[in-house]
Amino acid sequence: MSPNKKQPEQTETTPSFKSGLITLIGRSNVGKSTLLNTLIGQKVAIVTHKPQTTRNIIHGVLNTSQGQAVFIDTPGIFKEKRNPLSGKMIERVEESLQDINLIIYVVDPTKAIGAEERFNMSLLRKSDVPKILVINKCDMPEKDKEFLEDYRAIGDQFNAVFELSALKDRHVEPLRQKVFEFLPEGEPYYPPGQISNTDEEFWIAEVVREKIFLALRQEVPYSTHVEVESVEDKGNVLVIKIRVLTHSKEYKKMIIGKGGRAIKEIGIAARKELETALNKKVFLEIEVETDKRWTERV
Ligand SMILES: Nc1nc2c(ncn2[C@@H]2O[C@H](COP(=O)(O)OP(=O)(O)OP(=O)(O)O)[C@@H](O)[C@H]2O)c(=O)[nH]1
Ligand SMILES: [Mg+2]
């Protein structure tokens with residue numbers, strides 16, 4: 001859904017109004033973006049089955065009668081050198097841990113504790129704010145949650161532990177309640193009605209990037225950057241021009257696909273989601289270009 005849509009519950013500031021910043025961190029693919037979307041009840045962050053989907057720091061705002069909680073989604077730590085942006089991503093995670101009120105550390109019980117977890121735990125130890133451990137994906141069959149006990153065993157290093165399913169929205173409400181216990185009294189960070197730090201153009205580009213991740217294999221999605229060139233409201237239809245940048249001619253060919261099949265599939269999937277969220281007919285024009293320096297634009 002568009003980040004500018006209103007949440008149903010909006011409250012006036014009262015003397016006991018609480019507010020704070022909560023960073024979601026964890027290795028890639030554990031479900032941080034899914035949890036952010038579920039916590040605030042709208043899709044502000046894109047989600048795919050591939051690691052290193054999130055590239056930017058995305059805020060999702062939850063307004064309740066108790067106050068305003070601003071959740072900060074971060075890129076997942078991923079040790080493989082697959083992503084040319086890895087260094088930049090780690091810097092963004094470290095930045096997101098400054099001046100916050102609470103950390104939510106998200107883990108996946110189907111994956112063994114590895115180098116990424118150890119790196120994350122070292123970041124956590126450097127920070128003295130309260131920490132909550134979220135063991136996600138609890139909807140998965142017992143036999144797949146092989147490492148559940150290993151994660152439960154690190155629970156004593158946290159102020160609270162939750163086992164939940166971000167995807168199925170199971171046991172997320174108690175986490176929302178708990179979060180407010182850790183937030184100080186304060187003014188809201190965002191005005192009523194604004195649920196993200198990103199604007200509509202960023203979100204449109206992200207929807208297209210999500211579809212690229214879902215449609216293309218291996219390293220191709222990791223070598224692309226999506227930009228919105230223009231959005232024109234023509235009354236009954238929104239004309240959106242998109243530029244997809246990638247670093248080689250070979251990748252450009254793969255993004256376009258045989259007879260334009262891949263780019264068509266990406267375009268249809270993106271258009272459908274944009275039309276539903278914006279509640280308007282969308283005409284999407286996507287151009288693919290090569291630009292060796294695309295990483296500088298992320
Ligand atoms: N079964 C199950 N799958 C989940 C759950 N939460 C997330 N997923 C799936 O896990 C995959 C990764 O989810 P994301 O939310 O993109 O993970 P992320 O931690 O933001 O990943 P990066 O942005 O790459 O760091 C997607 O296929 C999700 O549908 C859950 O509670 N249960
Ligand atoms: Mg993510």
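Residues numbered from 1 in each chain as written. Chains lettered and ligands numbered in written order. Predicted model: local features only at pLDDT ≥ 70, side-chain atom pairs only at ≥ 80, totals over all residues.

Help me understand the overall build of the protein chain in this model?
Scanning the protein chain from terminus to terminus reveals eight helices and nine strands. Relative to the globule expectation of 19 Å for 298 residues, the C-alpha radius of gyration of the protein chain, 20 Å, shows essentially globular dimensions. Its C-alpha atoms give the protein chain principal-axis dimensions of roughly 55 × 45 × 35 Å. Among the 298 residues that make up the protein chain, the fraction classed as buried is 37%. Contacts spanning at least 24 positions in sequence make up 73% of the contacts within the protein chain whose residues lie at least 6 apart. (Helix = DSSP H or I, 4+ residues; strand = E, 2+ residues; numbered from the N terminus. Rg over C-alpha atoms; globule rule 2.2 N^0.38 Å. Buried ≥ 20, exposed ≤ 12 C-beta atoms within 10 Å, placed from the backbone. Contact = placed C-beta atoms within 7 Å.)

When you look at the sheet that holds strand E3 (residues 67–73) in this model, what are you seeing that I'm missing?
In sheet architecture, strand pairing relies on hydrogen bonds along the backbone and comes in two forms, parallel and antiparallel. Read across the open sheet, the six strands follow the order E2-E3-E1-E4-E5-E6; overall the sheet is mixed. Looking along the sheet, the strands with just one partner apiece sit at the ends: strand E2 (58–63) and strand E6 (160–163). Each neighbouring strand pair of the sheet contributes to a mean axis angle of 20 degrees, computed without reference to strand direction. Relative to E3, E2 is paired through six bridges, and the arrangement is antiparallel. The residue bridging Leu62 from the neighbouring strand is Ala69, located in E3. (Pairing = 2+ DSSP bridges. Axes fitted to C-alpha atoms, helices over the stretch in contact; angles between N-to-C directions.)

Just to check I follow, could you spell out the sheet that holds strand E9 (residues 281–290) for this structure?
Strand order across the open sheet formed by three strands is E7-E8-E9, with mixed pairing between neighbours. Because the sheet does not close on itself, it has two edges, and the strands there are strand E7 (224–233) and E9. Recorded for the sheet is a direction-independent mean angle of 20 degrees between the axes of neighbouring strands. As paired elements, strand E8 (residues 237–246) and E9 share 10 bridges and run parallel to each other. Paired with Ile242 across the two strands is Ile286, which belongs to E9. Across the face of the sheet, helix H6 (residues 200–215) comes into contact with E7 and E8 while running at roughly 130 degrees to E7.

I would appreciate a short explanation of the site of ligand 1 in the present structure.
Taken together, 24 residues lie near ligand 1, and Gly31, Ser33, Thr54, Gly76 and Leu167 sit nearest. Partitioned by chemical class, the residues of the shell around ligand 1 number seven nonpolar, 14 polar and three charged. (Near = placed C-beta within 6 Å. Nonpolar A, V, L, I, M, F, W, Y, C, P; charged D, E, K, R; others polar.)

Would you explain the pairing of E7 in this entry?
Summarising the sheet, E7 and E8 pair through nine bridges and their orientation is antiparallel. Bridged to Asp233 within E8 is Leu238. Once E7 ends, the chain turns through three residues before running back antiparallel as E8, passing Gly235 with a positive phi of about 85 degrees.

What's the story with the environment of Leu62 in this structure? I'm lost.
Topologically, Leu62 is positioned in strand E2. What makes Leu62 buried here is the crowd of 22 C-beta atoms within 10 Å. On a C-alpha basis, the gap between Leu62 and Ile195 in space is 7.2 Å, while along the polypeptide they are 133 residues apart. Ignoring any residue separated from it by four or fewer positions in sequence, one finds Leu62 in contact with Leu39, Ile40, Ala69, Phe71 and Arg176.

Help me out: how do you make sense of the domain arrangement of the protein chain in this one?
Accessible area lost upon the coming together of the parts is a frequently used measure of interface size. Entries for the protein chain in the domain assignment read domain 1 (18–181) and domain 2 (200–297). Placing the centre of domain 1 and that of domain 2 at their C-alpha centroids yields a distance of 27 Å. Residue-level contacts link nine residues of domain 1 with 10 residues of domain 2. For the side of domain 1 that touches domain 2, a count of residues per class yields three nonpolar, four polar and two charged. (Domains from an automatic or database assignment.)

Explain the pairing of E6 here, please?
Within a regular beta strand, the side chains point alternately toward one face of the sheet and then the other, so they alternate between its two faces. Bridge analysis of strand E5 (residues 131–135) against E6 gives four bridges, and the strand direction is parallel. Residue pairing across strands places Ile135 opposite Glu163, the latter belonging to E6. Handedness of the E5-helix H4 (residues 148–153)-E6 crossover: right-handed. (Right-handed = clockwise from strand over helix to strand, strands pointing away.)

I tried to follow the packing of H6 against helix H8 (residues 261–278) on my own but got confused; where do I start?
Each pair of packed helices gets described by two things: the angle between the helix axes and the distance between those axes. Two numbers describe how H6 lies on H8: the axes approach to 9 Å, and their chain directions differ by 135 degrees. Between H6 and H8, the angle is such that the two are oblique. H8 is crossed by H6, and the crossing has right-handed handedness. Listed contacts from H8 to Ile204, Val207, Val208, Lys211, Ile212 and Ala215 of H6 are Ala262, Glu265, Ile266, Ala269, Ala270, Glu273 and Leu274. Split by residue class, the contact of H6 with H8 holds 10 nonpolar, no polar and three charged. (Parallel < 35°, antiparallel > 145°, perpendicular 65-115°, else oblique. Left-handed = near helix turned anticlockwise from the far one by under 90°.)

Would you explain H8 in this entry?
An α-helix turns once per 3.6 residues; consequently, residues spaced three or four apart project the same way. Between the first and last C-alpha of H8 there are 26 Å, a value that for 18 residues agrees with the 26 Å anticipated at 1.5 Å per step. Those residues of H8 that are buried lie in contact with H6, helix H7 (249–256) and E9. Where H8 ends, the next residue or the one after it, Asn279, has phi of about 55 degrees, a positive value. (Expected span 1.5 Å × (residues − 1).)

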